[in-house]
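Descriptive analysis of the structure
Chain by chain, the residues:
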Amino acid sequence: MSAAEAPRADGAVETFDCRVAFADEVIKLARADQRIVVVCNDSVGSSNMGAFQKEFPDRLVNVGIAEQNMVGVGAGLANAGMIPFVCAAGPFLTGRATEQIKADCAYSQYPVVLCGMSPGMAYGELGPTHHSIEDFAWMRAIAELIVMAPVDPAETRQAVQWAAQSGKPVYMRVARFKIPAVTGPDHQFEPGRISTLREGSDVTLAAIGTMVSRALDAADLLAQEGISARVLNVSTLKPLDDATILKAARETGRIVTAEEAVSSGGLGGAIAELVAQHHPVPMRILGVPGFAPTGDTQFLLDHFGLNAAGLAKAARELMGKGSD
(Lines give C-alpha, C1' and ligand atoms only; values in the text may rest on other atoms or scores of the structure.)
Protein backbone atom coordinates (compact mmCIF):
# COMPACT_ATOMS: atom_id res chain seq x y z
CA MET A 1 0.00 0.00 0.00
CA SER A 2 1.26 3.44 -0.92
CA ALA A 3 1.93 5.92 1.85
CA ALA A 4 -0.73 8.07 0.22
CA GLU A 5 -3.38 5.34 0.52
CA ALA A 6 -4.29 6.08 4.12
CA PRO A 7 -7.13 3.79 5.26
CA ARG A 8 -10.25 5.27 6.79
CA ALA A 9 -11.28 4.52 10.35
CA ASP A 10 -13.34 1.57 9.08
CA GLY A 11 -10.27 0.08 7.40
CA ALA A 12 -11.28 0.85 3.81
CA VAL A 13 -9.05 2.85 1.50
CA GLU A 14 -10.52 6.27 0.71
CA THR A 15 -11.26 6.95 -2.95
CA PHE A 16 -11.70 10.20 -4.85
CA ASP A 17 -13.48 11.71 -7.85
CA CYS A 18 -10.65 13.52 -9.67
CA ARG A 19 -13.12 16.00 -11.18
CA VAL A 20 -13.26 17.69 -7.78
CA ALA A 21 -9.50 18.29 -7.67
CA PHE A 22 -9.58 19.33 -11.32
CA ALA A 23 -12.31 21.94 -10.80
CA ASP A 24 -10.72 23.30 -7.62
CA GLU A 25 -7.40 23.79 -9.39
CA VAL A 26 -8.93 25.49 -12.44
CA ILE A 27 -10.73 27.92 -10.12
CA LYS A 28 -7.51 28.63 -8.22
CA LEU A 29 -5.69 29.33 -11.48
CA ALA A 30 -8.53 31.55 -12.71
CA ARG A 31 -8.34 33.69 -9.59
CA ALA A 32 -4.70 34.41 -10.33
CA ASP A 33 -4.87 34.66 -14.13
CA GLN A 34 -7.67 36.34 -16.05
CA ARG A 35 -6.72 34.44 -19.19
CA ILE A 36 -8.14 31.20 -17.78
CA VAL A 37 -11.53 30.41 -19.36
CA VAL A 38 -13.73 27.32 -19.65
CA VAL A 39 -15.60 26.15 -22.74
CA CYS A 40 -18.10 23.31 -22.44
CA ASN A 41 -20.86 21.55 -24.35
CA ASP A 42 -23.85 21.84 -22.04
CA SER A 43 -21.82 19.85 -19.51
CA VAL A 44 -21.36 22.34 -16.67
CA GLY A 45 -22.64 19.82 -14.14
CA SER A 46 -20.92 16.67 -15.38
CA SER A 47 -17.66 18.59 -15.80
CA ASN A 48 -18.05 19.84 -12.21
CA MET A 49 -17.78 23.44 -13.40
CA GLY A 50 -20.77 24.83 -11.50
CA ALA A 51 -18.61 26.62 -8.93
CA PHE A 52 -16.42 28.07 -11.70
CA GLN A 53 -19.49 29.38 -13.53
CA LYS A 54 -20.83 30.96 -10.34
CA GLU A 55 -17.55 32.73 -9.58
CA PHE A 56 -16.64 33.61 -13.17
CA PRO A 57 -19.92 33.81 -15.13
CA ASP A 58 -18.29 35.81 -17.94
CA ARG A 59 -15.44 33.32 -18.35
CA LEU A 60 -17.45 30.16 -19.02
CA VAL A 61 -18.75 29.63 -22.54
CA ASN A 62 -21.45 26.98 -22.93
CA VAL A 63 -21.84 26.27 -26.65
CA GLY A 64 -24.55 23.66 -26.17
CA ILE A 65 -24.33 20.18 -27.62
CA ALA A 66 -21.95 21.19 -30.41
CA GLU A 67 -18.55 19.66 -29.77
CA GLN A 68 -16.92 20.67 -33.05
CA ASN A 69 -17.93 24.26 -32.43
CA MET A 70 -16.74 23.94 -28.82
CA VAL A 71 -13.19 22.99 -29.84
CA GLY A 72 -13.16 25.68 -32.52
CA VAL A 73 -14.22 28.30 -29.95
CA GLY A 74 -11.47 27.05 -27.64
CA ALA A 75 -8.88 27.37 -30.39
CA GLY A 76 -10.10 30.87 -31.22
CA LEU A 77 -9.83 31.93 -27.58
CA ALA A 78 -6.30 30.51 -27.42
CA ASN A 79 -5.37 32.42 -30.57
CA ALA A 80 -6.63 35.57 -28.84
CA GLY A 81 -4.31 35.02 -25.87
CA MET A 82 -6.64 33.17 -23.50
CA ILE A 83 -5.94 29.81 -21.83
CA PRO A 84 -9.06 27.70 -22.49
CA PHE A 85 -9.99 24.52 -20.66
CA VAL A 86 -12.36 22.74 -23.05
CA CYS A 87 -14.45 20.32 -21.00
CA ALA A 88 -16.75 17.59 -22.27
CA ALA A 89 -17.49 13.92 -21.80
CA GLY A 90 -14.57 12.00 -23.28
CA PRO A 91 -16.46 10.08 -26.00
CA PHE A 92 -18.04 13.22 -27.45
CA LEU A 93 -15.03 15.48 -27.19
CA THR A 94 -12.75 13.05 -29.01
CA GLY A 95 -15.26 11.28 -31.22
CA ARG A 96 -17.16 14.26 -32.58
CA ALA A 97 -14.39 16.86 -32.75
CA THR A 98 -11.34 14.90 -33.90
CA GLU A 99 -10.87 17.09 -36.97
CA GLN A 100 -10.98 20.29 -34.93
CA ILE A 101 -8.59 18.84 -32.35
CA LYS A 102 -6.20 17.90 -35.15
CA ALA A 103 -6.39 21.02 -37.33
CA ASP A 104 -7.44 23.83 -35.00
CA CYS A 105 -5.44 22.80 -31.91
CA ALA A 106 -2.57 20.41 -32.67
CA TYR A 107 -1.59 21.55 -36.17
CA SER A 108 -2.00 25.20 -35.23
CA GLN A 109 -0.19 24.61 -31.92
CA TYR A 110 -2.73 26.60 -29.91
CA PRO A 111 -2.52 26.11 -26.13
CA VAL A 112 -5.93 24.48 -25.64
CA VAL A 113 -6.38 22.10 -22.69
CA LEU A 114 -8.84 19.47 -23.91
CA CYS A 115 -10.39 17.76 -20.88
CA GLY A 116 -12.00 14.37 -21.47
CA MET A 117 -14.35 14.12 -18.51
CA SER A 118 -15.63 10.79 -17.17
CA PRO A 119 -13.37 8.75 -19.49
CA GLY A 120 -13.05 5.02 -19.90
CA MET A 121 -16.19 3.19 -18.79
CA ALA A 122 -17.22 5.64 -16.08
CA TYR A 123 -20.63 6.09 -17.74
CA GLY A 124 -21.10 2.32 -17.53
CA GLU A 125 -24.88 2.07 -17.42
CA LEU A 126 -25.25 4.42 -20.43
CA GLY A 127 -23.61 1.85 -22.65
CA PRO A 128 -21.22 1.75 -25.62
CA THR A 129 -22.18 5.19 -26.96
CA HIS A 130 -20.89 6.75 -23.75
CA HIS A 131 -17.80 4.62 -23.18
CA SER A 132 -14.68 6.67 -23.91
CA ILE A 133 -12.33 3.79 -24.63
CA GLU A 134 -10.96 4.75 -28.06
CA ASP A 135 -9.67 8.18 -27.01
CA PHE A 136 -6.10 7.11 -26.18
CA ALA A 137 -5.69 5.56 -29.63
CA TRP A 138 -7.35 8.45 -31.47
CA MET A 139 -5.54 11.24 -29.63
CA ARG A 140 -2.18 9.49 -29.64
CA ALA A 141 -2.32 9.38 -33.44
CA ILE A 142 -2.50 13.18 -33.69
CA ALA A 143 0.91 14.79 -34.09
CA GLU A 144 2.06 17.46 -31.61
CA LEU A 145 -0.74 16.70 -29.13
CA ILE A 146 0.25 15.81 -25.57
CA VAL A 147 -1.86 13.00 -24.10
CA MET A 148 -2.03 12.46 -20.35
CA ALA A 149 -4.10 10.75 -17.65
CA PRO A 150 -3.26 11.88 -14.11
CA VAL A 151 -3.38 9.04 -11.62
CA ASP A 152 -5.02 10.62 -8.56
CA PRO A 153 -6.21 13.98 -7.16
CA ALA A 154 -2.74 15.30 -6.31
CA GLU A 155 -1.35 14.50 -9.74
CA THR A 156 -4.51 15.90 -11.36
CA ARG A 157 -3.85 19.26 -9.68
CA GLN A 158 -0.24 19.23 -10.82
CA ALA A 159 -1.18 18.26 -14.38
CA VAL A 160 -3.71 21.11 -14.55
CA GLN A 161 -1.07 23.56 -13.35
CA TRP A 162 1.42 22.31 -15.92
CA ALA A 163 -1.07 22.30 -18.80
CA ALA A 164 -2.15 25.88 -18.09
CA GLN A 165 1.39 27.24 -18.39
CA SER A 166 2.72 24.84 -21.05
CA GLY A 167 1.70 26.85 -24.11
CA LYS A 168 0.91 23.53 -25.84
CA PRO A 169 -2.21 21.64 -26.94
CA VAL A 170 -3.03 18.96 -24.39
CA TYR A 171 -5.57 16.15 -24.11
CA MET A 172 -6.14 15.20 -20.48
CA ARG A 173 -8.36 12.48 -19.10
CA VAL A 174 -10.12 13.54 -15.88
CA ALA A 175 -11.34 10.47 -14.01
CA ARG A 176 -14.87 10.26 -12.64
CA PHE A 177 -14.69 6.66 -11.44
CA LYS A 178 -13.40 6.97 -7.87
CA ILE A 179 -9.79 5.96 -7.31
CA PRO A 180 -7.40 5.99 -4.34
CA ALA A 181 -4.51 8.35 -3.91
CA VAL A 182 -1.29 6.56 -4.86
CA THR A 183 1.29 9.34 -5.07
CA GLY A 184 3.22 10.45 -2.02
CA PRO A 185 3.83 14.00 -0.77
CA ASP A 186 7.12 14.28 -2.66
CA HIS A 187 5.69 13.27 -6.03
CA GLN A 188 5.95 15.86 -8.79
CA PHE A 189 4.19 15.43 -12.11
CA GLU A 190 6.43 15.90 -15.12
CA PRO A 191 5.08 15.47 -18.66
CA GLY A 192 6.85 12.67 -20.46
CA ARG A 193 8.18 11.10 -17.27
CA ILE A 194 7.00 7.80 -15.83
CA SER A 195 7.05 7.46 -12.05
CA THR A 196 8.07 4.12 -10.56
CA LEU A 197 5.66 3.48 -7.68
CA ARG A 198 7.14 0.11 -6.76
CA GLU A 199 10.42 -1.53 -7.63
CA GLY A 200 10.52 -5.10 -8.91
CA SER A 201 12.78 -7.46 -10.81
CA ASP A 202 10.60 -10.23 -12.28
CA VAL A 203 7.90 -8.41 -14.27
CA THR A 204 6.80 -4.85 -15.00
CA LEU A 205 3.19 -3.72 -14.59
CA ALA A 206 2.82 -0.54 -16.64
CA ALA A 207 -0.54 1.12 -16.06
CA ILE A 208 -2.27 4.41 -16.77
CA GLY A 209 -4.97 6.35 -14.93
CA THR A 210 -7.51 4.24 -13.08
CA MET A 211 -5.48 1.08 -13.64
CA VAL A 212 -2.47 2.17 -11.59
CA SER A 213 -4.00 1.44 -8.18
CA ARG A 214 -5.05 -1.97 -9.48
CA ALA A 215 -1.50 -2.63 -10.64
CA LEU A 216 -0.27 -1.86 -7.13
CA ASP A 217 -2.82 -4.30 -5.72
CA ALA A 218 -1.70 -6.91 -8.26
CA ALA A 219 1.91 -6.42 -7.15
CA ASP A 220 0.81 -7.18 -3.59
CA LEU A 221 -0.84 -10.41 -4.75
CA LEU A 222 2.24 -11.43 -6.72
CA ALA A 223 4.56 -10.67 -3.81
CA GLN A 224 2.70 -13.26 -1.76
CA GLU A 225 3.78 -15.79 -4.39
CA GLY A 226 7.39 -14.67 -4.47
CA ILE A 227 7.04 -12.68 -7.71
CA SER A 228 8.64 -9.24 -7.65
CA ALA A 229 6.59 -6.80 -9.76
CA ARG A 230 7.69 -3.31 -10.75
CA VAL A 231 4.77 -0.85 -11.02
CA LEU A 232 4.97 2.11 -13.40
CA ASN A 233 2.56 5.04 -13.42
CA VAL A 234 2.46 6.10 -17.07
CA SER A 235 0.65 9.39 -16.49
CA THR A 236 1.80 10.76 -19.87
CA LEU A 237 1.01 8.50 -22.80
CA LYS A 238 2.48 10.95 -25.30
CA PRO A 239 5.33 11.75 -25.22
CA LEU A 240 6.21 8.37 -23.77
CA ASP A 241 9.11 7.99 -21.36
CA ASP A 242 11.11 5.65 -23.59
CA ALA A 243 14.09 5.41 -21.24
CA THR A 244 12.09 4.17 -18.26
CA ILE A 245 10.19 1.62 -20.35
CA LEU A 246 13.35 0.23 -21.94
CA LYS A 247 15.08 0.09 -18.56
CA ALA A 248 12.16 -1.94 -17.22
CA ALA A 249 12.27 -4.22 -20.26
CA ARG A 250 15.97 -4.89 -19.74
CA GLU A 251 15.77 -5.37 -16.00
CA THR A 252 12.54 -7.38 -15.64
CA GLY A 253 12.28 -9.05 -19.05
CA ARG A 254 8.45 -9.00 -19.09
CA ILE A 255 5.81 -6.28 -19.33
CA VAL A 256 2.08 -6.26 -18.62
CA THR A 257 0.19 -3.11 -19.66
CA ALA A 258 -3.24 -2.11 -18.37
CA GLU A 259 -5.55 0.65 -19.54
CA GLU A 260 -9.26 1.45 -19.25
CA ALA A 261 -9.35 1.71 -23.02
CA VAL A 262 -9.27 -0.41 -26.14
CA SER A 263 -6.29 -2.72 -26.17
CA SER A 264 -5.04 -1.49 -29.57
CA GLY A 265 -3.36 1.82 -30.26
CA GLY A 266 -3.13 3.11 -26.70
CA LEU A 267 -0.69 2.40 -23.88
CA GLY A 268 -0.11 -1.22 -24.81
CA GLY A 269 0.41 -0.33 -28.44
CA ALA A 270 2.83 2.48 -27.63
CA ILE A 271 4.97 0.29 -25.37
CA ALA A 272 4.85 -2.66 -27.79
CA GLU A 273 6.03 -0.42 -30.65
CA LEU A 274 8.91 0.80 -28.52
CA VAL A 275 10.19 -2.50 -27.16
CA ALA A 276 9.71 -4.33 -30.46
CA GLN A 277 12.17 -1.96 -32.08
CA HIS A 278 14.70 -1.61 -29.29
CA HIS A 279 14.47 -4.44 -26.73
CA PRO A 280 11.81 -7.08 -27.47
CA VAL A 281 10.34 -8.81 -24.41
CA PRO A 282 7.23 -10.92 -23.82
CA MET A 283 4.15 -8.76 -23.17
CA ARG A 284 0.50 -8.95 -22.22
CA ILE A 285 -1.72 -6.02 -23.24
CA LEU A 286 -4.80 -5.69 -21.03
CA GLY A 287 -7.68 -3.50 -22.12
CA VAL A 288 -11.04 -3.73 -23.86
CA PRO A 289 -10.88 -5.89 -27.01
CA GLY A 290 -13.92 -4.33 -28.72
CA PHE A 291 -17.14 -2.57 -27.82
CA ALA A 292 -17.86 -2.76 -24.10
CA PRO A 293 -21.37 -3.75 -23.03
CA THR A 294 -23.70 -1.83 -20.75
CA GLY A 295 -23.14 -2.28 -17.03
CA ASP A 296 -21.81 -0.86 -13.82
CA THR A 297 -18.24 0.40 -14.14
CA GLN A 298 -16.84 -2.05 -11.62
CA PHE A 299 -18.63 -4.91 -13.35
CA LEU A 300 -17.15 -3.89 -16.69
CA LEU A 301 -13.61 -3.62 -15.32
CA ASP A 302 -13.94 -7.07 -13.74
CA HIS A 303 -15.51 -8.45 -16.93
CA PHE A 304 -12.40 -7.51 -18.92
CA GLY A 305 -9.93 -8.56 -16.22
CA LEU A 306 -8.95 -4.96 -15.53
CA ASN A 307 -8.43 -5.59 -11.85
CA ALA A 308 -5.75 -6.86 -9.51
CA ALA A 309 -6.56 -10.50 -10.21
CA GLY A 310 -6.46 -9.96 -13.97
CA LEU A 311 -3.10 -8.20 -13.88
CA ALA A 312 -1.64 -10.83 -11.57
CA LYS A 313 -2.89 -13.59 -13.87
CA ALA A 314 -1.22 -11.97 -16.89
CA ALA A 315 2.04 -11.63 -14.95
CA ARG A 316 1.94 -15.29 -13.90
CA GLU A 317 1.43 -16.34 -17.50
CA LEU A 318 4.50 -14.37 -18.54
CA MET A 319 6.42 -16.04 -15.70
CA GLY A 320 5.34 -19.44 -17.00
CA LYS A 321 3.42 -20.11 -13.79
CA GLY A 322 0.03 -20.68 -15.33
CA SER A 323 -3.18 -18.82 -14.60
CA ASP A 324 -4.22 -20.30 -11.28
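Just so you know, the residues in each chain are numbered from 1, in the order the chain's sequence is written. Predicted model: local features are reported for residues with pLDDT of at least 70 only, side-chain atom pairs are reported and counted for 80 or more only, and whole-chain, interface and lining totals are derived from all residues. Only heavy atoms go into the side-chain values, all of them from the structure, while hydrogens and water stay out.

**Here's the deal with the packing of helix H9 (residues 242–252) against helix H10 (residues 267–278)**
Every axis in this analysis is a line fitted to C-alpha atoms, fitted for helices over the stretch in contact. Angles between the N-to-C directions lie between 0 and 180 degrees. Every helix listed is a DSSP run of H or I at least four residues long, and every strand listed is a run of E at least two residues long, numbered separately from the N terminus. Between H9 and H10, the least distance of the axes is 10 Å, while the angle of their chain directions is 65°. In this structure, H9 crosses over H10, and the sense of that crossing is right-handed. From H9, Asp 242, Ile 245, Leu 246 and Ala 249 reach across to H10, where they touch Ile 271, Leu 274, Val 275 and His 278. Polar here means any residue other than Ala, Val, Leu, Ile, Met, Phe, Trp, Tyr, Cys and Pro, which are nonpolar, and Asp, Glu, Lys and Arg, which are charged; Gly is therefore polar. Of the residues in the contact of H9 with H10, the class split is 6 nonpolar, 1 polar and 1 charged. Should the near helix be turned anticlockwise from the far one by less than a right angle, the crossing is termed left-handed; should it be turned clockwise, right-handed. Whether two residues touch is decided by their heavy atoms; if any such pair falls within 4.5 Å, the residues are in contact.

**Considerations on helix H3 (residues 67–79)**
The length a helix should cover is 1.5 Å for every residue beyond the first. Along its 13 residues, H3 runs 18 Å from first to last C-alpha, staying within 8% of the 18 Å computed at 1.5 Å per residue. For the exposure calls, accessible area comes from a 1.4 Å probe over protein chains only, and a residue counts as buried if that area is under 20% of its type's maximum, exposed if over 50%, partly exposed in between. If you check which residues of H3 are buried, you get Glu 67, Met 70, Val 71, Gly 74, Ala 75 and Ala 78. Buried residues in H3, looked at end-on, bunch into an arc of 135°, giving them a common side. Phi turns positive, to about 100°, at Gly 81, one or two residues after H3. Arc, as used here, means the arc of the directions from the helix axis to the C-beta atoms.

**Observations concerning unusual backbone geometry**
The linkage connecting Lys 238 with the following residue, Pro 239, adopts the cis geometry, with an omega of 0°. As for its placement among the helices and strands, Pro 239 is situated in the loop between strand S12 (236–238) and H9. Phi at Asn 48 takes a positive value of approximately 60°, unusual for a residue other than glycine. Mapped onto the fold, Asn 48 is located in the loop between strand S2 (36–40) and helix H2 (50–55). Unlike most non-glycine residues, Ser 118 shows phi in positive territory, near 50°. Note that Ser 118 resides in the loop between strand S5 (113–117) and helix H6 (135–140). A relative accessible area of 0% places Ser 118 in the buried class.

**Observations concerning the packing of H3 against helix H5 (residues 98–107)**
Direction vectors running N to C along H3 and H5 enclose 5°, while the axes themselves pass 9 Å from each other. Classified by the angle their axes make, H3 and H5 are roughly parallel. Between H3 and H5, the residues in contact are Gln 68, Val 71, Gly 72 and Ala 75 and Gln 100, Ile 101, Asp 104 and Cys 105, respectively. Here the contact of H3 with H5 is built from residues that sort into 4 nonpolar, 3 polar and 1 charged. In what follows, roughly perpendicular refers to angles from 65 to 115 degrees, roughly parallel to angles under 35, roughly antiparallel to angles over 145, and oblique to any angle outside these ranges.

**Focus: the pattern of salt bridges**
Pairing between side chains becomes possible if they bear opposite charge and their charged atoms approach one another. Here a salt bridge means any side-chain nitrogen of Lys or Arg lying within 4 Å of a carboxyl oxygen belonging to Asp or Glu. In total, this model carries 16 salt bridges according to the counting rule given. Of the charged contacts in the structure, one is a salt bridge between Asp 135 and Arg 173, with a shortest N-O distance of 2.7 Å. A residue pair is termed long-range when its members are at least 10 positions apart, and Asp 135 in helix H6 and Arg 173 in strand S7 (residues 170–174) qualify at 38 residues. The two residues Asp 135 and Arg 173 agree in class, both being buried. Notably, a salt bridge pairs Arg 230 with Glu 199, separated by 3.7 Å at the nearest N-O pair. With Arg 230 in strand S11 (residues 229–233) and Glu 199 in the loop between strand S9 (195–198) and strand S10 (203–207), this pair connects stretches of sequence that are 31 residues apart. Three or more residues are tied together by salt bridges with common partners; here these are Asp 24, Glu 25, Lys 28 and Arg 157.

**Here's the deal with the packing of aromatic side chains**
Only centres within 6.5 Å qualify two rings of Phe, Tyr or Trp (six-membered ring in Trp) as a pair; their planes then separate them into stacked at under 30 degrees, edge-to-face at over 60, and tilted for everything else. Tallied over the entire structure, the rule returns 3 aromatic pairs. Judged by centre distance (6.2 Å) and plane angle (70°), the ring pair of Phe 22 and Phe 85 falls under edge-to-face. Of the two residues, Phe 22 is situated in helix H1 (residues 18–32) and Phe 85 in strand S4 (residues 83–89); the sequence distance between them amounts to 63 residues. For the pair Phe 22 and Phe 85, one class covers both residues: buried. Note on Phe 52 and Phe 56: the rings are 5.0 Å apart at their centroids and 50° apart in plane angle, and the pair reads as tilted. On the accessibility criterion, Phe 52 (0% relative accessible area) is buried. Judged by relative accessible area, which is 10%, Phe 56 ranks as buried. Note on geometry: a ring has a charge over it if NZ (lysine) or CZ (arginine) is within 6 Å of the ring centre and within 35 degrees of the ring normal. The aromatic ring of Phe 56 is capped on one face by Arg 59, whose charged end is 4.5 Å from the ring centroid. Between the NZ or CZ atom of Arg 173 and the centre of the ring of Phe 136, over which it lies, the distance is 4.0 Å.

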